[in-house]
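Examination of the molecular architecture
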Amino acid sequence: MALSLRKGAQGLARQLLPAACWGAQAAGTEAQHSLSGPSKQQQRGMAKMSHSEATNTFIVEALEHLEYPKRLRKLLLTPEREVAVELALLRDNGEVATFNAYRVQHDNSRGPYKGGLRFHPQVDLDDVRSLASLMTWKTAVMDIPFGGAKGGVTVDPKDLSERELEILTRKLVQALRPILGTYEDIPAPDMNTGAREMAWIFDEYTKFSGFSPGIVTGKPVWLHGSLGREAATGRGTVFAIRELLKAQGLGDIRNKSFVIQGFGNVGSWAAQILYEQGGRVVAVSDAYGAVANEHGLEIPELRAHLAANHNLASFPGGVVMPPENLLSVPCDVLIPAAIGGVITEDNANDLQCKIVAEAANGPTTPDADHILRQRGITVLPDIYTNGGGVSCSFFEWVQNLQNFKWTEEEVNAKLERVMVEAFQAIWELHTEDKIPLRTAAFVKALQRVTRARVHRGFD
Ligand SMILES: NC(=O)C1=CN([C@@H]2O[C@H](COP(=O)(O)OP(=O)(O)OC[C@H]3O[C@@H](n4cnc5c(N)ncnc54)[C@H](OP(=O)(O)O)[C@@H]3O)[C@@H](O)[C@H]2O)C=CC1
Ligand SMILES: O=C(O)CCC(=O)C(=O)O
């Protein structure tokens, strides 16, 4: 299996690239964003890696399998554009509050920038930079014609009224409007955003640019959204797990046990679909608590309970447990589906699962990843596992461009196909080249992005 830009392709690349691209690194072009992963200081364990350094560590590891010149590596690691804005909001109490917001456009070699918008108090530029990069590799692994971007506002939406949240979302669109576009950069939901926020974005953008349903995906189904998009990330995660179990000869979902961290859009849909397929979801958590039942939680009842009471841990069909113990509950498959950086070198040895299916973005630090490899725990990487969301966003975008609507069955069948095909591509690299699934996914993505960039040229 050819991993590098070997003879033919390399010759082509050299032909298309300005000769200077292939030489030694020019002075003054060294990394601005810790491009090569951890610094010497971090390697000595004196500081924790940032999110973007962790992401770049995984990319650099994959690049070791590809004979790419240094400047091309820099191009692949550096975001193309970073926008930081301050949003002022007149609060309901008459005071003015300000919020930092970001949009990072990482790469558009394969198509328009694409990626979600996160509203979370921990959002910062480094976090968004890392998430934008992951989007580039995710759209490439899924082989959908988009690049990668991500946005975020540093805010806890629970502190705002619905009116305040709507105004903040509209102000975000006003601030980012020059860099958004149906063929330019297309936002979508991420943590603490969903169909309601996407409807506001669609409306605000349309005020300035005319009817533009394709400007954002994840919209309500009755407002140019796609059937199946809400469940797509969770459903895709289940397809990913099913394919891995099959490939490893471990059977199917039925009677396997699952632990899920995060019970929002992704976690609760994954739980629901696993439950429908006979899986036993033995413990789940949200930001406030966790609940467990070794015989399997009744997920439809748990979802109804959460919707009615806004309190997961008070569910009568399970026992309350400390959320910090969730990751070490014994299970076949652990599904982190909340924030990043939760599986670390401090807790990786405590995990008692056979598989980690990364529904969240960036849940595992590089050190923890190393420990899991040594322990023989298979990691289904985020850039594949949660790729069902953006794949379905692509389906929504296509429907919007055609002003047409597909049935949910059609959408789910297409989703299954892209999840299966992407799995086969990375499983082949994993088995033939004996590299971890994460490295295989990054190698596949790097090859696809580089091929597009090189053939488009650099002028
Ligand atoms: N939505 C999508 O289509 C996609 C999402 N993802 C990724 O999936 C992950 C989840 O996103 P999504 O489901 O949309 O987000 P949601 O906001 O819908 O849900 C997030 C869930 O995580 C919980 N949570 C937050 N912080 C913690 C914590 N410290 N410990 C345990 N649970 C916590 C939240 O709890 P609470 O409600 O109590 O705050 C909530 O249950 C993110 O990493 C996101 O980037 C990836 C691809 C697509
Ligand atoms: O649906 C999309 O366009 C992107 C979703 C997202 O933000 C992600 O996959 O992390």
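Not measured: the values here are computed from a predicted model.

1. Quick word on the overall build of the chain
- When its secondary structure is counted, the chain shows 15 helices and 12 strands.
- Across the 459 residues in the chain, those meeting the buried criterion constitute 59%.
- Contacts in the chain between residues at least 24 apart in sequence constitute 68% of all its contacts with a sequence separation of at least 6.

2. Considering the site of ligand 2
- Lys114, Gly116, Lys138, Lys150 and Ser393 are the nearest of the 14 residues found near ligand 2.
- Lysine 114 places a polar side-chain atom, nitrogen or oxygen, 2.7 Å from an oxygen atom of ligand 2.
- Take glycine 116: an N or O atom from its main chain is 2.9 Å from an oxygen atom of ligand 2.
- Relative to its free-state accessible area of 290 Å², ligand 2 is covered by the protein chains to the extent of 96%.
- Mapped by element, the contributors of at least two residues to the shell around ligand 2 are strand S3 (113-120), helix H5 (125-141), strand S5 (185-189) and helix H13 (387-402).

3. A short note on the sheet that holds strand S9 (residues 319-321)
- Here 7 strands make up an open sheet; going across it, the order is S9-S8-S7-S6-S10-S11-S12 and the pairing mixed. Of all strands in the sheet, those bounded by a partner on one side alone are S9 and strand S12 (378-380). Geometrically, the sheet is characterised by an average inter-axis angle of 25° between neighbouring strands, direction not taken into account.
- Inspection of the sheet shows strand S7 (residues 280-285) paired to strand S8 (residues 290-292) by 3 bridges, in the antiparallel sense. Its bridge partner being in S8, valine 284 is matched across the sheet by valine 291.
- Contacts from helix H9 (residues 265-276) reach strand S6 (257-261), S7 and strand S10 (333-336) within the one sheet, and its direction differs from that of S6 by about 165°.

4. Quick notes on the packing of aromatic side chains
- What the rule picks out here adds up to 10 aromatic pairs.
- Look at phenylalanine 146 and tryptophan 397: their rings are 5.0 Å apart centre to centre, the planes differ by 65°, and that puts the pair in the edge-to-face class. Taken as a pair, phenylalanine 146 in the loop between H5 and strand S4 (148-154) and tryptophan 397 in helix H13 lie far apart in primary sequence, 251 residues in all. Of the two residues examined, phenylalanine 146 and tryptophan 397, each falls in the buried class.
- Its end group placed over the ring of phenylalanine 146, lysine 114 keeps NZ or CZ at 6.0 Å from the ring centre.
- For the cation-ring pair, arginine 177 lies above phenylalanine 208, with the distance from its terminal atom to the ring centre recorded as 4.0 Å.

5. Overview of helix H8 (residues 229-247)
- Taking 1.5 Å as the rise per residue, H8 with 19 residues should run 27 Å; its terminal C-alpha atoms sit 27 Å apart, in good agreement.
- At arginine 235, H8 shows its largest bend, some 25°.
- A positive phi of about 70° marks glycine 249, the residue just after H8.

6. Things to note about the pairing of strand S1 (residues 81-90)
- One ladder, built from 10 bridges, connects S1 with strand S2 (residues 96-107); its direction is antiparallel. Each bridged residue has a counterpart across the sheet, and for alanine 88 the counterpart in S2 is threonine 98.
- Following S1, the chain reverses through 5 residues before pairing antiparallel with S2; glycine 94 in that reversal takes a positive phi of roughly 90°.

7. Observations regarding the site of ligand 1
- The full set close to ligand 1 counts 24 residues, and Asp190, Asn192, Thr233, Ala338 and Asn361 are the nearest of them.
- A distance of 2.9 Å separates an oxygen atom of ligand 1 from a polar side-chain atom of arginine 118.
- Take glycine 264: an N or O atom from its main chain is 3.1 Å from an oxygen atom of ligand 1.
- In the complex, the protein chains occlude 85% of the 900 Å² of accessible area that ligand 1 would expose alone.
- Taken together, the elements giving at least two residues each to the shell around ligand 1 come down to H8 and H9.

Cut-offs and rules
- Residues numbered from 1 in each chain as written.
- Chains lettered and ligands numbered in written order.
- Predicted model: local features only at pLDDT ≥ 70, side-chain atom pairs only at ≥ 80, totals over all residues.
- Heavy atoms only, no water.
- Helix = DSSP H or I, 4+ residues; strand = E, 2+ residues; numbered from the N terminus.
- Buried < 20%, exposed > 50% of the residue type's maximum accessible area, 1.4 Å probe, protein only.
- Contact = heavy atoms within 4.5 Å.
- Near = heavy atom within 4 Å.
- Polar contact = N/O pair within 3.5 Å; in protein donor to acceptor, adjacent residues only side chain to side chain.
- Areas by Shrake-Rupley, 256 points an atom, 1.4 Å probe, with all protein chains shown as cover.
- Pairing = 2+ DSSP bridges.
- Axes fitted to C-alpha atoms, helices over the stretch in contact; angles between N-to-C directions.
- Phe/Tyr/Trp six-rings, centres within 6.5 Å; stacked < 30°, edge-to-face > 60°.
- Lys NZ or Arg CZ within 6 Å of the ring centre and 35° of its normal.
- Expected span 1.5 Å × (residues − 1).
- Bend = angle between axes of the 7 residues up to and from the residue.

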